[in-house]
Amino acid sequence: MEFSSVDTIWILLGAILVFFMQSGFAMVEVGLTRNKNTGNLVMKNLMDFCIGSLAFWFVGFGLMFAGTGPLIGGLDFFFQGNYDGKFGNFPGYAFLIFQTVFCGTSATIISGAMAERTKFSAYCLYSLLMSLIIYPVSGHWIWGGGWLAGLGFHDFAGSTAVHMVGGIAALTGAKILGPRIGKYDVNGVSRAIPGQSLSLAALGVFILWFAWFGFNGCSTVSATGNDTIMSMSAIMVTTNLAAAAGALACMLLTWAAYGRPDVSMTLNGALGGLVGITAGCDAVTPAGAVIIGLVSGIVLNYGIEFVDKRLRIDDPVGAFGVHGVCGAVGTILTGLLAVDGGLLYGGGAGMLLTQILGVISVAAWVAVTMTIVFTVLDRLVGLRVSPGEEINGLDIEEHGIVSDYPGFMADGGHTSIIGAGAAPAAIPDYPPEAAGAGREAAKPAAAAKLTRVDIITRPEKFAELKAALHAAGITGMTVTKVMGCGVQRGISEYYRGVEVAANMLPKICVEIVISKVPARAVIEAAKKVLHTGRIGDGKIFVYDVENVVKVRTGEEGYDALQYTS
């Protein structure tokens, strides 16, 4: 048969964009967790797609699409059947890769909820079973001609088939696995464990938002004919509006609740809006999409808090709130807001009841089967790493990675940057020196006093401080990134709805050892550039130093601080 070039390119473009979502999920998960587990999470996101691709090709596609039975499709090992033109005017291989990336999306959702304490081996095994059996069976009910499809269940691009399946599996796994060490106190009160990088999380959200246009838009699996072109265009609009509304709702809600808009929850709000609209993006108006996005942003916030604070299930990235809650809500709201058949458009309650039945049925299937999978794996290989491995981080314990940022010296989450002074030019007032720079013959070495000055201040003031110290004759220093607060206990901070107990703020500590330059000159130079009159300007600590030893030459005391070529 002759295929449509336009339709084939469209579905392949969709496959490429949905595959790109893997990187978005990886960045969100890495950004909202600690850096000692970065390599482990990247590896899990990589391997669930690799394992899932092979498993779906081996048997998953057949279970989903090889027949039209009410419960499963059929057995078609290694994609041996002829599917050319069966699902559209394109080759069967185009449909295989398109469905494979959707399967990979559902499987990768689990890793975020179970992050920072799951064995890599166990993760690989349940990813295999997810792509081999669990996702294909419920996917067949919805998209492969199964019993839900026969009832008229509407899930255009996978709010339930993909996202809720992944979200329910994630919640089940996180419950069986248990919370991270230190997540809850002895009274069961939730503690915030901030992630390492909101920048990475934001990058992930923007990648996912971008790729979602392919996730939803290309699910038309056709790009020919006026009706299809109109549908494609409308889907892009509804997808974007729902994401924007979800982010806005979540931002306003957290702003009202905590006094400040929560960044990570707002990022999740955009994803919640995207998940919510995925079921009915082809069936609702732009106004309906905004309603779905707003509701998704609201229920997402309360869903994450309920799971964290009431159920005491530790989900570091809010995977269940985003994918499970918003997937279910978006699917049900389609029964209300669909222009053709929705309750609010005169279609009666039939579609709404079918949507509710589908959500409950798929949720039950995934919850039961994944409970069995996780329980059996826990008995056979163990789901969770040891407490010592969890504390040390899965990067070093499971992959032998000392640091994911080898260009920096990492210690307990802080980064140290060492700067050494070069041979400086003479400065009239005070001869140049610092931790090993400068020379002066006028003062006997034995009479020189050694003083250490520590300056703690805001990171953004470092450039000005360094210039002022150079002007005072200081060219060598040790600079360390630290976290801390003064007697005011810093600023009240919330992370994903939980107050951060320590109230620590990012600071830098500049350490200097001097002998020729008077300590008072250093203090006055620092005060001049750091003072604003506001809380958080910093503090300066001055200590006597007993001795200094220059390792290269063996010189000690005053001589060790002088520059020698």
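Engineer: Before we go on, may I ask you to explain the pairing of strand β7 (residues 505-514) in this structure?
Structural biologist: Along β7, 7 of the 10 residues are buried, which leaves the element largely enclosed by surrounding structure. Bridge count for strand β3 (residues 451-457) against β7 is 7 bridges, and the pairing is antiparallel. Opposite I456, over in β7, you have C509 as the bridge partner. Where strand β4 (residues 477-484) and β7 come together, 7 bridges link them in antiparallel fashion. Counted as the bridge partner of T480 is C509 from β7.

Engineer: Teacher, can you tell me more about the pattern of salt bridges here?
Structural biologist: One side chain can pair with another of opposite charge once the charged atoms of both are near each other. Under the definition given, this model contains 14 salt bridges. In this structure, the salt-bridge partner of E305 is K309, at a minimum N-O distance of 4.0 Å. One end of the pair, E305, and the other, K309, are both in helix α10 (residues 286-310), 4 residues apart, so they sit about a helical turn from each other. Note that R452 is salt-bridged to E511, the shortest N-O span being 3.5 Å. Here R452 is found in strand β3, whereas its partner E511 is found in strand β7, with 59 residues between them in sequence.

Engineer: Teacher, can you tell me more about empty space enclosed by the protein here?
Structural biologist: Applying the stated criterion across every chain, the model contains 2 cavities of 30 Å³ or more. Of the volumes computed, that of the largest cavity is approximately 200 Å³. Considering the residues around the largest cavity, the lining is formed by 18 residues, among which K183, D308, D315, P316 and R496 are closest to the centre. Elements supplying a minimum of two residues to the lining of the largest cavity: α10 and α11 (319-337). Looking at the lining of the largest cavity element by element, the count peaks at 3 residues for α10. A per-class count over the lining of the largest cavity returns 10 nonpolar, 2 polar and 6 charged. Approximately 100 Å³ is the volume attributed to the second largest cavity. If you go around the second largest cavity, the residues you meet are F25, V28, E29, I109, N268, L271, V317, G318, A319, V322 and H323.

Conventions used here
Residues numbered from 1 in each chain as written. Predicted model: local features only at pLDDT ≥ 70, side-chain atom pairs only at ≥ 80, totals over all residues. Heavy atoms only, no water. Buried < 20%, exposed > 50% of the residue type's maximum accessible area, 1.4 Å probe, protein only. Helix = DSSP H or I, 4+ residues; strand = E, 2+ residues; numbered from the N terminus. Pairing = 2+ DSSP bridges. Salt bridge = Lys/Arg side-chain N within 4 Å of Asp/Glu carboxyl O. 1 Å grid on protein atoms, 1.4 Å probe; cavity = no way out; pocket = protein on both sides within 12 Å on 5 of 7 lines; lining within 4 Å. Points joined across faces, edges and corners; volume = space filled by probe spheres on them. Nonpolar A, V, L, I, M, F, W, Y, C, P; charged D, E, K, R; others polar.

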